[in-house]
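Next come the chains, spelled out residue by residue.
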Amino acid sequence: MKKLGVIFGGVSCEHDVSIITGLQLIENANKAKYEVIPIYIHSDGEWYTGEELLNANIYKDFEAHQNHLKKVAILPSQKGLMVLEKGLFSKNTVIDLDVVIPAMHGMNGEDGTLQGLLELANIPYSSSGVLGSSVGMDKILMKKVFEAHKFPVLPYTYFTRAEWEEDRDEIITRIENELPYPMFVKPSNLGSSIGISKAKNREGLVHAIAVNYDARIIVEKSVENIREINCSGLGYENDVQASVCEEPVHWEEFLTFEDKYMHGGKGSKGAKGSKQSGMENMSRKIPAELEEQQEKKIRDLTCQVFKSLNSKGVVRVDYIIDKDTNEVYVNEINTIPGSFAFYLWEVSGITYPELIDKLVDIAEKAMHDKNKNNYSFKSDVIGNIAKGQKMGVK
Ligand SMILES: Nc1ncnc2c1ncn2[C@@H]1O[C@H](COP(=O)(O)OP(=O)(O)O)[C@@H](O)[C@H]1O
Ligand SMILES: [Mg+2]
């Protein structure tokens, strides 16, 4: 039986959504194969484990339940989950983890930071690595990489908050020279439509920038007659496959946080972790109605985007189609998609338990490959210092 750690929650705006993703995954993991260890990161940054975490109701009033849970940590020196025992003389124990699936969205979980910790601790994990995760989280760098690969992206420009504060007029002139109104103003680094606004004129642009959350801001040409299509990618290295496509359906000007996660009908807010909540509950058409050529193009692009970030596990690539021109643009990659996009894989012939098995396999394969690398190099540097050679002189 493999010990499968599932990490969810986290210090990010997407903490609640991550609980849904994590609990859904745990519910669907094959219990004959895995002993699942739930690992919850509270929004205050503390890590917990314990059976009670499987009860979705505790998160409404976590403080009342946290005494029944054990505080835990992953340390770079320990290949596992350290249980921090209470009491002066109690010894910390370590739960070995064979593999970890990070069910985290947004900052401090999907952005490479958690992946870095898992790398240091040498624990196999199923998501994109440090680099792919961090580039995938940053809309500016992501676009730069996509452009370098000649993937179609919408015209954009970007600037830092410091530049804005130094010379607003210059920034406004630059944006207006490069892009027509209306435009989308987005924080480079948040997700789930938080901090995103549409500017229809200069006044709107200044306001959108003022209320933005990030130190780096990206501004994009708006597609007025828009169709959105998402497609999931699954795999590792050269072995990547694309799922069927979905079309999320709009009911506001653009998909807000509420649209994405809260509109699942009555009770979806409260029923976290139930099979009826989360991304799979958003209004969507699966499979999306697309011309054969266009669908092929999107699925091919999904595999290429996956490879461009050296991704691993399951991702979702989101596209914008301009209905006026029928042009397809890559909008973004989510390296840990809501609900792991399992609803797309189900329609593509892979059940959720099978998807989890694949994620575990991929994590183990990647660790196997990592172990083939050589991280040590014998040099005489320390010996020479001991012999009195000056430090830092080559
Ligand atoms: N350039 C654009 N033109 C038209 N609509 C857009 C554009 N960029 C984003 N949107 C709308 O805003 C939503 C959120 O933007 P997105 O870039 O996907 O950010 P997030 O990381 O928050 O998901 C999109 O799903 C789409 O509905
Ligand atoms: Mg998006």
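Explain the overall build of the protein chain here, please?
Assigned secondary structure in the protein chain consists of twelve helices and 16 strands. Expressed as a percentage of its 394 residues, the buried residues of the protein chain come to 52%. A sequence separation of at least 24 residues applies to 66% of the contacts in the protein chain between residues at least 6 apart. Roughly 18,800 Å² of accessible area belongs to the protein chain as shown, and the carbon and sulfur atoms make up 50% of that amount.

Just to check I follow, could you spell out the sheet that holds strand 15 (residues 312–322) for this structure?
Pairing within the open sheet is antiparallel, and its five strands lie in the order 14-13-12-15-16. Either end of the sheet is taken by a strand with one partner, and the two such strands are strand 14 (284–285) and strand 16 (327–334). Along the sheet, helix 9 (residues 292–308) makes contact with strand 12 (226–236), strand 13 (239–248), strand 15 and strand 16, crossing strand 13 at roughly 125°.

Help me understand helix 3 (residues 130–137), please; the structure alone is not making it clear to me.
Because an α-helix completes one turn every 3.6 residues, residues spaced three or four positions apart along the sequence face the same direction. Among all positions in helix 3, only G132, S133, V135, G136 and M137 are buried. Elements in contact with the buried residues of helix 3: helix 2 (113–120), helix 4 (139–148) and strand 16.

How do you make sense of the pattern of salt bridges when you look at a structure like this?
Close approach of charged atoms allows side chains with opposite charge to pair. Counted by the stated rule, this structure contains 19 salt bridges. Its salt-bridge partner being E46, residue K71 comes within 3.5 Å of it at the nearest N-O pair. Note that K71 is positioned in strand 4 (residues 70–73) and E46 in the loop between strand 2 (34–41) and strand 3 (47–49), a separation of 25 residues in sequence. When its relative accessible area of 34% is taken as the criterion, K71 is described as partly exposed. A relative accessible area of 31% places E46 in the partly exposed class. With a shortest N-O distance of 3.1 Å, K198 and E224 are connected by a salt bridge. With K198 in strand 10 (residues 197–199) and E224 in the loop between strand 11 (216–221) and strand 12, this residue pair connects regions lying 26 residues apart in the sequence. Here the residues in one salt-bridge network are K143, K186 and E220, joined through shared partners.

Thresholds applied
- Residues numbered from 1 in each chain as written.
- Chains lettered and ligands numbered in written order.
- Predicted model: local features only at pLDDT ≥ 70, side-chain atom pairs only at ≥ 80, totals over all residues.
- Heavy atoms only, no water.
- Helix = DSSP H or I, 4+ residues; strand = E, 2+ residues; numbered from the N terminus.
- Buried < 20%, exposed > 50% of the residue type's maximum accessible area, 1.4 Å probe, protein only.
- Contact = heavy atoms within 4.5 Å.
- Areas by Shrake-Rupley, 256 points an atom, 1.4 Å probe, with all protein chains shown as cover.
- Pairing = 2+ DSSP bridges.
- Axes fitted to C-alpha atoms, helices over the stretch in contact; angles between N-to-C directions.
- Salt bridge = Lys/Arg side-chain N within 4 Å of Asp/Glu carboxyl O.

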